[in-house]
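Examination of the molecular architecture
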Amino acid sequence: QKEVEQNSGPLSVPEGAIASLNCTYSDRGSQSFFWYRQYSGKSPELIMSIYSNGDKEDGRFTAQLNKASQYVSLLIRDSQPSDSATYLCAVNPREGGYNKLIFGAGTRLAVHP
Amino acid sequence: DTEVTQTPKHLVMGMTNKKSLKCEQHMGHRAMYWYKQKAKKPPELMFVYSYEKLSINESVPSRFSPECPNSSLLNLHLHALQPEDSALYLCASSQESAGHEQYFGPGTRLTVT
């Protein structure tokens, strides 16, 4: 079973700070990487996708991928209380075809005023 | 537009009932998915349809029966469920091309009594 690992948290940051969420994966052949945000009682919402090594920025969000270290991260700048949610890392493994996503257990982020 | 719709929002059913969950997308996506999510756990893949054909069945019990009537619709037929099947059932869709970003619907909250 291919694994995706995240620290379950909670990660507590003050409003306005940078929140750093981390994810490691075991399948070296993994091709695509995604971050989803899930509010309590709601469905996952895609916030970032990344496919190549390096950084990808979208507004206050930056995804970072290092395939050699099998590591993907999400930075949230100027964190707001509305960012408080569970963040799920998802990886498309080589095995099983490119439609399959393996999710990490999620990191709960709490942004306090 | 990245909207996936699901009906009903909530469903309560007895162990002898037969019911169906419905999912619809109008994004021209050719892959559709069913996931099951228990509280405080990540989504677990159940089924994948690619070009209206079942491509992945994650060893799901036969009391769950998927159906893809056309490229926009996905159903999940439920029969003789157990209380432990109570969960949030999520539908998602994606393009069949590079990217594979999956977009989730709002989910159906199922309670089996």
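Presented here is a report on the structure given in the accompanying data block. In this text, all values refer to a predicted model and were calculated from it rather than measured experimentally.

**So, the overall build of chain A**
If you tally the helices and strands in chain A, you get zero helices and eleven strands. Helices and strands appear in chain A in the N-to-C order β-β-β-β-β-β-β-β-β-β-β. Over its C-alpha atoms chain A spans a radius of gyration of 14 Å, differing by no more than 12% from the 13 Å that the globule rule assigns to 113 residues. Along the three orthogonal principal directions, the C-alpha set of chain A runs to about 45 × 30 × 20 Å. Per-residue burial for chain A yields a buried fraction of 48% across its 113 residues. Of the contacts formed within chain A by residues at least 6 apart in sequence, a portion of 54% connects residues at least 24 apart. Here chain A displays about 5300 Å² of accessible surface, and carbon together with sulfur accounts for 46% of that area. Chain A carries 11 positive and 11 negative side-chain charges, and their two centres are separated by 5 Å.

**Focus on the interface of chain A and chain B**
At the interface, 21 residues of chain A touch 24 residues of chain B. Taken together, the links from chain A to chain B amount to one salt bridge. Where chain A packs against chain B, one counts five residue pairs in polar contact (both at pLDDT 80 or more). When residues of the side of chain A that touches chain B are traced back to their parent elements, those giving at least two are strand E4 (32–38), strand E5 (45–50) and strand E9 (85–92) of chain A. Top contributing element to the side of chain A that touches chain B by residue count: E4 of chain A, with four residues. The residue inventory of the side of chain A that touches chain B, partitioned by class, reads ten nonpolar, nine polar and two charged.

**Overview of the nonpolar core**
If you look at the biggest cluster of nonpolar residues, it comprises 24 residues, and the most contacted ones within it are Trp35, Val72, Leu74, Ile76 and Tyr87 of chain A. Within the residue set of this core, elements represented by two or more residues are strand E3 (19–25), E4, E5, strand E7 (61–66), strand E8 (71–76), E9 and strand E11 (107–112) of chain A. Excluding residues that lie within four positions of it along the chain, Ile76 of chain A makes contacts with Ala17, Ile18, Ala19, Leu21, Arg60, Phe61, Asp83, Tyr87 and Leu109 of chain A. Residues Cys68, Tyr89, Cys91 and Leu110 of chain B belong to the second largest nonpolar core, which totals 23 residues.

**Regarding the sheet that holds E3 of chain A**
Residue and element names in this part refer to chain A. The antiparallel open sheet is built from five strands, whose spatial order is E1-E3-E8-E7-E6. Unpaired on one side and paired on the other, strand E1 (4–6) and strand E6 (54–58) mark the two borders of the sheet. Strand after strand, the sheet turns through a mean of 20° between neighbouring axes, direction not considered. As paired elements, E3 and E8 share six bridges and run antiparallel to each other.

**Observations regarding the sheet that holds strand E3 (residues 18–25) of chain B**
All names here are of chain B. If you trace the four strands from one edge of the open sheet to the other, you get E1-E3-E8-E7, paired in antiparallel fashion. Of all strands in the sheet, those bounded by a partner on one side alone are strand E1 (4–7) and strand E7 (64–70). Shown here is a sheet whose adjacent strand axes are inclined to one another by a mean of 20°, direction ignored. With four bridges joining them, E1 and E3 adopt antiparallel strand pairing. Its bridge partner being in E3, Thr7 is matched across the sheet by Lys22.

What counts, and at which threshold
Residues numbered from 1 in each chain as written. Chains lettered and ligands numbered in written order. Predicted model: local features only at pLDDT ≥ 70, side-chain atom pairs only at ≥ 80, totals over all residues. Heavy atoms only, no water. Helix = DSSP H or I, 4+ residues; strand = E, 2+ residues; numbered from the N terminus. Rg over C-alpha atoms; globule rule 2.2 N^0.38 Å. Buried < 20%, exposed > 50% of the residue type's maximum accessible area, 1.4 Å probe, protein only. Contact = heavy atoms within 4.5 Å. Areas by Shrake-Rupley, 256 points an atom, 1.4 Å probe, with all protein chains shown as cover. Lys, Arg positive; Asp, Glu negative; His and termini not counted. Charge placed at Lys NZ, Arg CZ, Asp CG, Glu CD. Salt bridge = Lys/Arg side-chain N within 4 Å of Asp/Glu carboxyl O. Polar contact = N/O pair within 3.5 Å; in protein donor to acceptor, adjacent residues only side chain to side chain. Nonpolar A, V, L, I, M, F, W, Y, C, P; charged D, E, K, R; others polar. Core = buried A, V, L, I, M, F, W, Y, C linked by side-chain atoms within 4.5 Å. Pairing = 2+ DSSP bridges. Axes fitted to C-alpha atoms, helices over the stretch in contact; angles between N-to-C directions.

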